[in-house]
Amino acid sequence: MGMLCAVTFNQYGRLFYLDPGEFQPQVGQKVLVPTDDGPEVAECVWAAQWVSDDTSGFPKMLGLAGDDDLDRDKQLRARKAEAQVAARKLIREHQLPMKVVAVDHVDGSSPQTTIYFTAPHRVDFRSLVRDLGATLKCRVELRQLSARDSARVQGGIGSCGRDLCCATFLTDFEPVTIRMAKDQDLPLNPLRISGACGRLMCCLKYEHPLYQDFQASAPAVGERVTTDEGDGKVVAHSVPRDSVVVRLDADGSRRVCPKASVCGSRKLFEDRYQASS
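Model, not experiment: these values are computed from the prediction.

**Q** Looking at this model, I keep getting lost on the overall build of the protein chain. Mind explaining?
**A** Counting secondary structure elements, the protein chain contains 8 helices and 12 strands. Relative to the 2.2 N^0.38 estimate, which gives 19 Å for 277 residues, the radius of gyration of the protein chain is 27 Å and therefore markedly larger than a compact globule would have. Dimensions of the protein chain, computed from the C-alpha atoms along their principal axes, are close to 85 × 50 × 35 Å. In the protein chain, buried positions account for 34% of the 277 residues. In the structure as shown, the protein chain presents an accessible area of about 17,200 Å², 50% of it carried by carbon and sulfur atoms. For the protein chain, the distance from the average position of its 36 positive side-chain charges to the average position of its 37 negative side-chain charges is 8 Å.

Right under this line is the structure:
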């Protein structure tokens, strides 16, 4: 058990969890976060509180940001904005099919600016890098992002009305297939099952194991079962309710039956069959 707080470097950006140590940051306060490039300023979005998990592996907060830290952060953001404007201008001049989505800058003895972009294909940007280096007077690196990485960097709102999962808490992109949508009886309309990045929504992965477990134990569609109201045929599944829809032989009406009620009789029949054989 220990204490954790959550911070973000950009508004509505990805959350990072820290051990506050001896500090008690409040929501909205600026704090110092250890990074590979030195202490960086971030905003606390979740005040420190006790959690039941082990917190020994989380980085420790360096403290609350002072005036000097805030001034340095302001200059850094101004430098990023300057680099973004220069990059977009030079991209137009070079007539390259590129779109700048984010800029990162590191000050120090050897300042470096990293520009993240998207493009429909691989782009020869060697001349662009030379011009950017001469304009920004620092080392410049360009990195092409995939559609999913671009959505993670830019952020946004998903069809559920919440911030994008990739921009808030997802750390890795797990494979998502059209089979997951089929198993969940979702409409195979790209507009319905695609995320802001244009790829299949990552959340299709969340409930897929539940549907797999249900289909492994429930009677298949078209299978005959016995219910409390008589025999019938399974015509649909209702996974969230852990039930199946059965059309009764007697009057053709449909009944929603708990999976356990129809699986129990089937299991009993199979056990009797195996015992007799």
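**Q** So what exactly am I meant to see when it comes to unusual backbone geometry here?
**A** Working note: non-glycine residues mostly have negative phi, and peptide bonds are mostly trans. Phi at Gln95 is positive, roughly 55°, even though this residue is not glycine. Checked against the element boundaries, Gln95 lands in the loop between α1 (67-94) and β6 (99-106). Take Gln95: its relative accessible area is 71%, and that puts it in the exposed class. A positive phi angle is found at Lys137, which is not glycine, with a value near 55°. With respect to the helices and strands, Lys137 occurs in the loop between α2 (126-136) and β8 (139-144). We classify Lys137 as exposed; its relative accessible area is 69%.

**Q** In this structure, what is going on with the pattern of salt bridges? I would like to understand it.
**A** If charged atoms from side chains of opposite charge come close, those side chains can pair. Taken as a whole and assessed by the stated rule, the structure comprises 12 salt bridges. Lys30 serves as the salt-bridge partner of Glu43, at 3.7 Å between the closest nitrogen and oxygen. Separated by 13 residues along the polypeptide, Glu43 in strand β4 (residues 40-51) and Lys30 in strand β3 (residues 30-33) bring together distant segments of the chain. For Lys30, a relative accessible area of 33% puts it in the partly exposed group. Linking Asp124 and Arg126 is a salt bridge whose minimum nitrogen-to-oxygen distance equals 2.8 Å. For Asp124, a relative accessible area of 49% gives the class partly exposed.

**Q** Sorry, what's going on with the environment of Thr8 here?
**A** As for its position among the elements, Thr8 is in strand β1 (residues 2-8). Considered as a pair, Thr8 and Gln24 are 16 residues apart in the sequence and their alpha carbons are 16 Å apart.

**Q** So what exactly am I meant to see when it comes to the nonpolar core here?
**A** Nonpolar side chains tend toward joint burial in soluble globular proteins. Counting residues in each nonpolar core, the largest one holds 19 residues, and the members touching the most others are Met98, Ile115, Leu128, Leu132, Val140 and Leu142. Only α1, β6, β7 (112-118), α2 and β8 provide two or more residues apiece to this core. One finds Tyr211, Phe214, Ala218 and Val239 within the second-largest nonpolar core, a separate group that totals 11 residues.

**Q** Would you mind showing me how to read the packing of aromatic side chains here?
**A** What describes a pair of aromatic rings is the distance from one ring centre to the other and the angle between the planes of the rings. Here the structure, examined in full by the defined rule, presents 3 aromatic pairs. Between Tyr17 and Trp46, the aromatic rings sit 5.7 Å apart at their centres with planes inclined by 85°, giving edge-to-face as the arrangement. Here Tyr17 is found in strand β2 (residues 16-18), whereas its partner Trp46 is found in strand β4, with 29 residues between them in sequence. We classify Tyr17 as partly exposed; its relative accessible area is 32%. Residue Trp46 is classed as partly exposed on the basis of its relative accessible area, which comes to 27%. Ring geometry for Phe117 versus Phe125: centroids 5.7 Å apart, planes at 80°, classification edge-to-face. By relative accessible area, Phe125 is classed as partly exposed at 23%.

**Q** What exactly am I supposed to notice about the sheet that holds β8 here?
**A** Each strand in a sheet pairs with its neighbour through backbone hydrogen bonds, running either in the same direction (parallel) or in the opposite one (antiparallel). Spatially, 3 strands are ordered β6-β7-β8 in an open sheet, and the strand pairing comes out mixed. At either end of the open sheet lies a strand with only one pairing partner, and these are β6 and β8. Each neighbouring strand pair of the sheet contributes to a mean axis angle of 20°, computed without reference to strand direction. Here α2 sits on the sheet and contacts β7 and β8; the angle it forms with β8, its principal contact strand, is near 135°.

**Q** What is the right way to read the sheet that holds β1 from this model?
**A** In space, the 5 strands of this open sheet follow the order β2-β1-β4-β3-β5, with antiparallel pairing throughout. The open sheet is flanked by β2 and β5 (63-64), the only strands paired with a single partner. Relative to β2, β1 runs antiparallel, the two being bridged by 3 bridges. When the sheet's bridge partners are listed, Val7 is paired in β2 with Phe16.

Definitions and limits used
- One numbering rule holds for all chains: residues counted from 1, following each sequence as written.
- Given that this is a predicted model, residues contribute local features only at a pLDDT of at least 70 and side-chain atom pairs are listed and counted only at 80 or more, while totals for whole chains, interfaces and linings are drawn from all residues.
- Hydrogens and water are ignored here; the side-chain numbers use all heavy atoms of the structure.
- The numbering of helices and of strands both runs from the N terminus, where a helix is a DSSP run of H or I of at least 4 residues and a strand a run of E of at least 2.
- Our radius of gyration looks at C-alpha atoms and nothing else; its globule reference is 2.2 Å times the residue count to the power 0.38.
- Each residue's exposure class comes from its accessible area (1.4 Å probe, protein chains only) as a fraction of the maximum for that residue type: buried when under 20%, exposed when over 50%, partly exposed otherwise.
- Each accessible area is a Shrake-Rupley result for a 1.4 Å probe, and residues are judged covered by the shown protein chains and nothing else.
- Charge convention: Lys and Arg are scored as positive, Asp and Glu as negative, and His as well as the terminal groups of each chain are ignored.
- Charge positions come from single atoms, namely NZ of Lys, CZ of Arg, CG of Asp or CD of Glu.
- Salt bridge, as used here, is a side-chain nitrogen of Lys or Arg placed within 4 Å of a carboxyl oxygen of Asp or Glu.
- Only buried residues count toward a nonpolar core. Its members are Ala, Val, Leu, Ile, Met, Phe, Trp, Tyr and Cys residues joined through side-chain atoms within 4.5 Å.
- Note on aromatic contacts: the rings of Phe and Tyr and the six-membered ring of Trp form a pair at centre separations within 6.5 Å, being stacked when their planes are under 30 degrees apart, edge-to-face when over 60 apart, and tilted otherwise.
- The pairing criterion for strands is at least two bridges between them, as found by DSSP.
- What counts as an axis is a line fitted to C-alpha atoms, over the stretch in contact for a helix, and the angles between N-to-C directions run from 0 to 180 degrees.
- Here, two residues are considered to be in contact whenever any of their heavy atoms come within 4.5 Å of each other.

The quantities given are spatial measurements derived from coordinates; they are silent on function.
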